[in-house]
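# Overview (structure and organization)
Here's the letter readout for the chains.
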Amino acid sequence: MLTVNRYKCCYCGACVSVCPTCALELVETWLEISADCRECGICTKICPVGALEVEA
């Protein structure tokens, strides 16, 4: 499961641009994760503040 630490996230949109399934969407100041997320972890590597985490 992909989780977002809302206290760390600066809503830059970097994760949205690298998601291969377009499962992430930046809506104003909120990051939406759709059911299309495959938990590949690409977004976690690109996040500049470490706000995303794939939990087992």
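Cut-offs and rules
Residues numbered from 1 in each chain as written. Predicted model: local features only at pLDDT ≥ 70, side-chain atom pairs only at ≥ 80, totals over all residues. Heavy atoms only, no water. Helix = DSSP H or I, 4+ residues; strand = E, 2+ residues; numbered from the N terminus. Contact = heavy atoms within 4.5 Å. Core = buried A, V, L, I, M, F, W, Y, C linked by side-chain atoms within 4.5 Å. Buried < 20%, exposed > 50% of the residue type's maximum accessible area, 1.4 Å probe, protein only.

Turning our eyes to something else, we now look at the environment of V54. Within the secondary structure, V54 sits in strand β4 (residues 52–54). Residues V54 and I33 lie 21 residues apart in sequence; the distance between their C-alpha atoms is 12 Å. Contact partners of V54, with chain neighbours within four places excluded, come to M1, L2, E39, G41 and T44.

What follows deals with the nonpolar core. Counting twelve residues, the largest nonpolar core consists of L2, V4, C9, C15, C19, A23, L24, L31, C43, C47, A51 and L52. Beyond its immediate chain neighbours, meaning those up to four positions away, C43 contacts L2, C15, V18, L24 and L52.

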